[in-house]
Amino acid sequence: MRNKVSIIGGGMTGSTTAHWLAEREIADIVLVDIVEGMPQGKALDLQQAMPVIGKDVSIIGTNDYDATTDSDIIVITAGLPRKPGMSRDDLLTVNAEIVSKATLETIKRSPNAIYIILTNPLDAMAYLAMKLSNLSPERVVGQAGILDSARMRTFVAAEVGVSVENVHCYVLGGHGDEMVPLTRHSNVAGTSLREVISAERLEAIVNRTRKGGGEIVSLLKTGSAYYAPSVAVAQMVDAILKDKHLIIPASAYMRGEYDLTGIYFGVPVQLGRQGIEKIVIYDLDREEREALARSAEAVKQTTDALRNLLKI
Ligand SMILES: NC(=O)c1ccc[n+]([C@@H]2O[C@H](COP(=O)([O-])OP(=O)(O)OC[C@H]3O[C@@H](n4cnc5c(N)ncnc54)[C@H](O)[C@@H]3O)[C@@H](O)[C@H]2O)c1
C-alpha cells in the first residue's frame, strides 16, 4: 500500500508542501481547494515535473473531499494568510470556520489519519482540529517550531559563518511574537550560542526570529512565507511515515507538561508513525520558564476566544 497525504488548501503553502513532498517520493498526494480548477492545474503541473526528477508519485488536485478517503496524513493549510500589519490572531474568526470544515470533511473519510495543522493562528487551529476530529491529541500536531527554529538557525549560521548543518536551535512557545528562542540550549556544533555570539548580537537574532514571519509578510505585501513553512511540514510527514522518532519543536496538546494544560503549545516532541510519541521536557531556568509562561498566556487568550466563538 502506498502512503497517501492529503493537503487541504492548495494555496502557497499547500502547493509548496506538495512540491517538497513529491521530491521526497514518500506518498501519493491529494491537493484540495475550494477554488475551481486551481488545485487541478497545480497538481497537473507538478505531476508533469515528476518525469524530470524521476519520481513516481501520483498527485491529484480536486475540489471534492472524496479523493482524500483513507489518507494516512491530513495537512490543513486552508485559510487566509496575514496581510502587513495583521497579527496571526486577527485571522481567528475567518480561519476557524475554514479549519472546522476541513476537519469535519476529512475525518469522516480518513478516521485513522494523523493531522498536521499549518493554518494560523496555529496553536488555536490545532486545538480546534483536535476537538472537532475527536482524535486523541497525539494524532494532531501543529507546525511552527521547525520553521521558527530554522529562521533562527539561518541567522546564526550567517552571523558565525558556519554551515547551517552545524547550527541547532530550539524555539519553543506559541507561534506568535512571544515565542521563546532558547539561546542556552541552542548551539553551534555543541558549543552554546551564548559562548559564540555576543549578548547584543544574540538579542538581535532572537528579536529577528520572533518577528521572522512578519518580516516576510511586510516584504511580500500580499501573503506570508511559504517555502520554509512547507518544507517544515514535509519534514514532519517524513518523520511520521518513516516512523523516525524524530525530536522536533512542534505544537502539541498540553496535559500538565511545562505546567500547562488545555492548550496547544510549542514544545519538543518525538514524532513517529503514531504521531506524537512523547513530549520532551527540557530543564529550564527561571527566566526561560517566565518567557514560556508569557507566551502561554497569549495562546490561552486566543484559545479561549476560539472556545467562546464556537462554544467548544
Ligand atoms: N504555521 C505556520 O508556520 C504557517 C506558515 C505560513 C502560513 N501559515 C498559515 O497557513 C495558512 C495558508 O497560508 P497560504 O500562504 O497557503 O495562503 P494562501 O492564501 O496562498 O492559500 C490558502 C488557500 O486556502 C484556500 N481555502 C480557503 N477556504 C478553503 C476551504 N474552505 N477549503 C479548502 N480550501 C480553502 C484558498 O482558496 C487558498 O487557496 C494561513 O492561515 C497562514 O497564516 C502558517
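Structure shown above.
Residues numbered from 1 in each chain as written. Predicted model: local features only at pLDDT ≥ 70, side-chain atom pairs only at ≥ 80, totals over all residues. Heavy atoms only, no water.

In this section: the site of the ligand. Inspection of the region around the ligand gives 27 residues, with M12, T13, D33, L80 and L118 positioned closest. In this structure, an oxygen atom belonging to the ligand sits 2.9 Å away from a side-chain N or O atom of N120. Burial of the ligand by the protein amounts to 88% of the accessible area it has alone, namely 850 Å². Elements supplying a minimum of two residues to the shell around the ligand: α1 (12-24) and α4 (92-107). Its residues placed into classes, the shell around the ligand shows 15 nonpolar, 11 polar and one charged. (Near = heavy atom within 4 Å. Polar contact = N/O pair within 3.5 Å; in protein donor to acceptor, adjacent residues only side chain to side chain. Areas by Shrake-Rupley, 256 points an atom, 1.4 Å probe, with all protein chains shown as cover. Helix = DSSP H or I, 4+ residues; strand = E, 2+ residues; numbered from the N terminus. Nonpolar A, V, L, I, M, F, W, Y, C, P; charged D, E, K, R; others polar.)

Now for the sheet that holds strand β10 (residues 187-188). A sheet is described by the order of its strands in space; here three strands give the open sequence β7-β10-β11, paired in antiparallel fashion. The open sheet has two edge strands with one neighbour each: β7 (167-168) and β11 (191-192). As defined by bridge partners, β7 adjoins β10 across two bridges and the pair is classed as antiparallel. Across the sheet, residue H168 finds its bridge partner in β10, namely N187. (Pairing = 2+ DSSP bridges.)

Attention now moves to the packing of aromatic side chains. For the structure shown, the criterion picks out four aromatic pairs. Put simply, the rings of Y127, Y253 and Y264 touch in pairs and so form one group of aromatic residues. (Phe/Tyr/Trp six-rings, centres within 6.5 Å; stacked < 30°, edge-to-face > 60°.)

On to the nonpolar core. Counting 52 residues, the largest nonpolar core has V5, I116, V237, F265 and V269 as the members making the most contacts within it. With eight residues, helix α10 (residues 227-241) is the single largest residue contributor to this core. When neighbours within four sequence positions are excluded, V5 is seen to be in contact with L21, A27, D28, I29, V30, I73, V75, V237 and L241. The next biggest cluster of nonpolar side chains, apart from the first, holds 29 residues, and it includes I76, A78, V140 and Y264. (Core = buried A, V, L, I, M, F, W, Y, C linked by side-chain atoms within 4.5 Å. Buried < 20%, exposed > 50% of the residue type's maximum accessible area, 1.4 Å probe, protein only. Contact = heavy atoms within 4.5 Å.)

Here the structure, examined in full by the defined rule, presents 18 salt bridges. One salt bridge connects R255 with E138, and the closest N-O pair in it is separated by 2.5 Å. Of this pair, R255 sits in strand β12 (residues 246-255) while E138 is found in the loop between α5 (122-133) and β6 (140-142), placing the two residues 117 residues apart along the sequence. What makes E138 partly exposed here is its relative accessible area of 25%. Here the salt bridges do not stand alone but share partners, grouping D66, K101, E105, K108 and R109 into one network. (Salt bridge = Lys/Arg side-chain N within 4 Å of Asp/Glu carboxyl O.)

Our next topic: the pairing of strand β2 (residues 28-32). If a strand is regular, its side chains alternate between the two faces of the sheet. The buried fraction of β2 amounts to five of the five residues, a majority that puts the element mostly inside the structure. Inspection of the sheet shows strand β1 (residues 4-8) paired to β2 by five bridges, in the parallel sense. Across the sheet, V5 pairs through a bridge with I29, a residue of β2. This β-α-β element, β1 to α1 to β2, shows right-handed connectivity. Summarising the sheet, β2 and strand β3 (residues 59-62) pair through four bridges and their orientation is parallel. Considered in β3, the bridge of I29 is made with I59. (Right-handed = clockwise from strand over helix to strand, strands pointing away.)

Glancing now at a nonpolar patch on the surface. A surface patch of nonpolar side chains, amounting to about 210 Å² of accessible area, comprises L80, V94 and I98. Here V94 lies in helix α4. Residue classification places V94 among the partly exposed positions, given a relative accessible area of 35%. (Patch = residues over 30% accessible without salt bridge, like charges linked within 9 Å, V, L, I, M, F, W, Y side chains within 5 Å.)

At their nearest, the axes of α4 and helix α11 (residues 286-310) sit 11 Å apart, and the two run at 65° to each other. With respect to the hand of their crossing, α4 and α11 are arranged in right-handed fashion. Between α4 and α11, the residues in contact are L92, T93, A96 and S100 and T302, A305, L306, L309 and L310, respectively. (Axes fitted to C-alpha atoms, helices over the stretch in contact; angles between N-to-C directions. Left-handed = near helix turned anticlockwise from the far one by under 90°.)

Below, the discussion takes up helix α2 (residues 38-47). Turning to α2, its buried residues number three or more, namely P39, A43 and L46. Projection of α2 onto a plane perpendicular to its axis shows the buried side chains occupying an angular sector of 65°, all on one side. The inward-facing, buried residues of α2 contact α1, β2, α3 (50-53) and β3. (Arc of directions from axis to C-beta.)

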